[in-house]
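Residues per chain are reported as follows:
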Amino acid sequence: MKSVSLYFLFFPDPEGIATPTVRALSPYALHVAWTRPSTPNGVVTHYIIRVNDQQTSRNTTVNANAPFELNVTSLDPYILYNVIVSACTIGGCGSSSPAQVRTLPATPELQPPPVAEAESQTSLRVRWDAPIRPNGVILRYELYRSTVEDLVQNNVTRPTEFVEVFQGTPLVTEYLDTGLGIFSLHQYKVSCCVKVLAF
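About the cut-offs
Residues numbered from 1 in each chain as written. Predicted model: local features only at pLDDT ≥ 70, side-chain atom pairs only at ≥ 80, totals over all residues. Heavy atoms only, no water. Buried < 20%, exposed > 50% of the residue type's maximum accessible area, 1.4 Å probe, protein only. Helix = DSSP H or I, 4+ residues; strand = E, 2+ residues; numbered from the N terminus. Contact = heavy atoms within 4.5 Å. Disulfide = S-S within 2.5 Å. Salt bridge = Lys/Arg side-chain N within 4 Å of Asp/Glu carboxyl O. Pairing = 2+ DSSP bridges.

Chemist: Would you explain unusual backbone geometry in this entry?
Modeler: Among all residues except glycine, the phi angle is most often negative; among peptide bonds, the trans geometry is most common. In this structure, Tyr78 takes a positive phi of about 55 degrees despite not being glycine. For Tyr78, a relative accessible area of 27% gives the class partly exposed. The phi dihedral of Asn135 is positive, around 60 degrees, even though this residue is not glycine. Topologically, Asn135 is positioned in the loop between strand 10 (123-127) and strand 11 (138-149). In this structure Asn135 comes out as buried when scored by relative accessible area, which is 7%.

Chemist: Explain the side chain of Ser184 here, please?
Modeler: Relative to the elements of secondary structure, Ser184 occurs in the loop between strand 13 (174-177) and strand 14 (185-194). With residues up to four places along the chain from it excluded, the contact list for Ser184 reads Glu149 and Asp150.

Chemist: How should the state of the cysteines be read in this particular structure?
Modeler: Joining two cysteines, a disulfide is a covalent bond between their sulfur atoms. Inspection of the entire model under this criterion finds one disulfide. Between the sulfur atoms of Cys88 and its disulfide partner Cys93 the distance amounts to 1.9 Å. The sign of the S-S torsion, about 110 degrees, decides the handedness of the disulfide formed by Cys88 and Cys93: right-handed. Residue classification places Cys93 among the partly exposed positions, given a relative accessible area of 35%. Free cysteine: Cys192, not disulfide-bonded; nearest cysteine sulfur from Cys193 at 6.6 Å. What makes Cys192 buried here is its relative accessible area of 11%.

Chemist: When you look at the pattern of salt bridges in this model, what are you seeing that I'm missing?
Modeler: Opposite charge on two side chains allows them to pair when their charged atoms are near. A complete count under the given rule lists eight salt bridges for this structure. Residues Asp76 and Arg133 are paired through a salt bridge, measuring 3.4 Å at the closest nitrogen-oxygen approach. Taken together, the residues span a long stretch of sequence, with Asp76 in the loop between strand 5 (69-72) and strand 6 (80-89) and Arg133 in the loop between strand 10 and strand 11 at a distance of 57 residues. Note on Arg133: relative accessible area 31%, which makes it partly exposed. Ionic pairing is found between Glu119 and Arg125, a salt bridge with its closest N-O pair at 3.3 Å. Judged by relative accessible area, Glu119 falls into the partly exposed class, the value being 43%. Residues joined in a network through salt bridges with shared partners are Glu117, Glu119, Arg125, Arg127 and Glu174.

Chemist: I'm lost on the pairing of strand 2 (residues 29-33) in this one. Help?
Modeler: Sheet faces and side chains relate simply in a regular strand, where the side chains alternate between the two faces. Within strand 2, four of the five residues are buried, which leaves it mostly tucked inside the rest of the structure. The sheet contact formed by strand 1 (residues 21-26) and strand 2 spans five bridges and is antiparallel. In the strand pairing of strand 2, Ser26 is matched with Ala29. Connecting strand 1 to the antiparallel partner strand 2 that follows it, the hairpin turn spans two residues. Pairing analysis gives four bridges linking strand 2 to strand 5, with the strands arranged antiparallel. Note that in strand 5 the partner of Leu30 across the bridge is Val72.

Okay, here's the thing in structure tokens:
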């Protein structure tokens, strides 16, 4: 009776994968470039590009024969992303160290309306919150007022144009609007300004 010996070949994962080069293209896209692993330990069949932040993660598989670059789109503005490149053979995948890059800022979104309450017969205290999605570093707030009705002074029956009544730093989120007509009716709106970079 003859004995048969079986041998299994072990393919180590690719090694020496450099950290990718990543730059922001816009508030919604990143450009990722990478190189071949210095020690592939086999034939690299494909690459996996991982882009993640604290809440989301997405993987894109790229053919090994394709150009070693990729534009990752449909991202969110002013978010710090980690980008990792994995090189894969039939034996497994090896990964690079993460590269960190932040998408560019964009116009703020979802600004809650301000709330006003009477402080006296001729003044209103107006308060507001930061936008739900600032999409950048807030530089300042601008508060605008429109008079709807002023029974004492002008008897306005429809809103006047909005005029700016306050402009201040992001640390200030309230304003005492004084010198108003007695029992007059007003509308307010707030604008949040961030530093938006050209791209």
